[in-house]
Amino acid sequence: MWGDLIQEVRVAQTGVQILFGFLLTVVFTPKYAELEHADQVIYIVTVVLGAAATGALVGPVSLHRLVSGRRIKPQMVRWASRLTFVGLILLLATMTAALLLILRVATHDGFVPYLVAAVVLWYLLCWFALPLWARHRHTSRSDAAR
């Protein structure tokens with residue numbers, strides 16, 4: 001299970017690190033000073049969420065490095081899995097906040113919350129509903145016990 005988990009984390013890490021890197025540069029652009037106060041608050045929340053998501057998604061690597069060879073792989077896999085799940089939730093929140101900010105600045109239109117909500121529903125469907133449905137549909141109770 002450790003190998004599968006690390007492969008999953010690599011995908012999520014790349015996405016969150018690229019997003020976080022771009023977020024860090026926004027404050028240094030001239031446009032940032034022109035943002036409304038509400039948009040600056042959304043930006044700050046987005047950066048903090050991105051930092052938290054990065055921490056959670058890089059955490060399994062650090063966990064592995066610091067406890068490797070200690071014969072606690074089952075516990076390590078459990079904790080790394082939990083960190084990854086928390087990281088995905090934080091990544092969802094980061095992407096939601098970033099999308100909200102970008103669309104507010106780009107359009108100044110009242111349909112932005114609805115568009116963001118639709119994208120969040122899409123994320124929830126792809127990231128959680130479909131996997132949970134597949135798990136429920138295609139695994140037996142004996143599979144879950146293992």
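The structure displayed is predicted, hence computed values, not measured ones. (Residues numbered from 1 in each chain as written. Predicted model: local features only at pLDDT ≥ 70, side-chain atom pairs only at ≥ 80, totals over all residues. Heavy atoms only, no water.)

1. Here we look at the overall build of the chain
- Secondary structure summary: the chain contains 6 helices and 0 strands in total.
- Secondary structure elements in the chain, listed N-terminal to C-terminal, are α-α-α-α-α-α.
- For 146 residues, the compact-globule estimate of 2.2 N^0.38 gives 15 Å, and the chain exceeds it by more than 25% at 18 Å.
- Principal axes of the C-alpha set define a box for the chain whose edges measure 55 × 35 × 20 Å.
- Buried residues in the chain amount to 29% of all 146 residues. (Helix = DSSP H or I, 4+ residues; strand = E, 2+ residues; numbered from the N terminus. Rg over C-alpha atoms; globule rule 2.2 N^0.38 Å. Buried < 20%, exposed > 50% of the residue type's maximum accessible area, 1.4 Å probe, protein only.)

2. Focus on the packing of aromatic side chains
- If you walk through the whole model with that rule in mind, you get 4 aromatic pairs.
- A ring pair is formed by Tyr-32 and Tyr-43, whose centres lie 5.2 Å apart and whose planes are at 65°; its orientation type is edge-to-face. Here Tyr-32, found in helix H2 (residues 30-34), pairs with Tyr-43, found in helix H3 (residues 37-67); they are 11 residues apart in sequence, far enough to count as distant. Neither residue differs from the other here; Tyr-32 and Tyr-43 are each classed as buried.
- When the ring of Tyr-123 is compared with that of Trp-127, the centres are 5.1 Å apart and the planes differ by 15°; the resulting orientation is stacked. One end of the pair, Tyr-123, and the other, Trp-127, are both in helix H5 (residues 112-138), 4 residues apart, so they sit about a helical turn from each other.
- Aromatic ring contacts, followed pair by pair, group Phe-85, Tyr-123, Trp-127 and Phe-128 into a single cluster.
- Taking the ring centre of Trp-79 as reference, the NZ or CZ of Arg-82 above it sits at 5.1 Å. (Phe/Tyr/Trp six-rings, centres within 6.5 Å; stacked < 30°, edge-to-face > 60°. Lys NZ or Arg CZ within 6 Å of the ring centre and 35° of its normal.)

3. So, a nonpolar patch on the surface
- A cluster of nonpolar residues, Phe-111, Tyr-114 and Leu-115, forms a patch on the protein surface that exposes about 330 Å² of accessible area.
- Looking at the secondary structure, you find Phe-111 in the loop between helix H4 (73-107) and H5. (Patch = residues over 30% accessible without salt bridge, like charges linked within 9 Å, V, L, I, M, F, W, Y side chains within 5 Å. Areas by Shrake-Rupley, 256 points an atom, 1.4 Å probe, with all protein chains shown as cover. Salt bridge = Lys/Arg side-chain N within 4 Å of Asp/Glu carboxyl O.)

4. Brief notes about H5
- Compared with an ideal rise of 1.5 Å per residue, which puts 27 residues at 39 Å, H5 spans 37 Å between its outermost C-alpha atoms and is within 8% of the ideal.
- The largest bend along H5 measures about 40° and falls at Leu-125.
- Those residues of H5 lying buried are Val-112, Val-116, Val-120, Tyr-123 and Phe-128. (Expected span 1.5 Å × (residues − 1). Bend = angle between axes of the 7 residues up to and from the residue.)

5. Some points on H4
- Compared with an ideal rise of 1.5 Å per residue, which puts 35 residues at 51 Å, H4 spans 49 Å between its outermost C-alpha atoms and is within 8% of the ideal.
- Taken as a whole, H4 has its buried residues at Met-76, Val-77, Ala-80, Thr-84, Gly-87, Leu-91, Leu-92, Thr-94, Ala-97, Ala-98, Leu-101 and Leu-103.
- Tucked inside the fold, the buried residues of H4 contact helix H1 (2-26), H3 and H5.
- Where H4 ends, the next residue or the one after it, His-108, has phi of about 50°, a positive value. (Contact = heavy atoms within 4.5 Å.)

6. Focus on the side chain of Thr-54
- Tracing the backbone shows Thr-54 in helix H3.
- Using a relative accessible area of 14% as the deciding quantity, one classes Thr-54 as buried.
- Contacts of Thr-54, omitting those with residues within four sequence positions, involve Val-16, Gln-17 and Phe-20.

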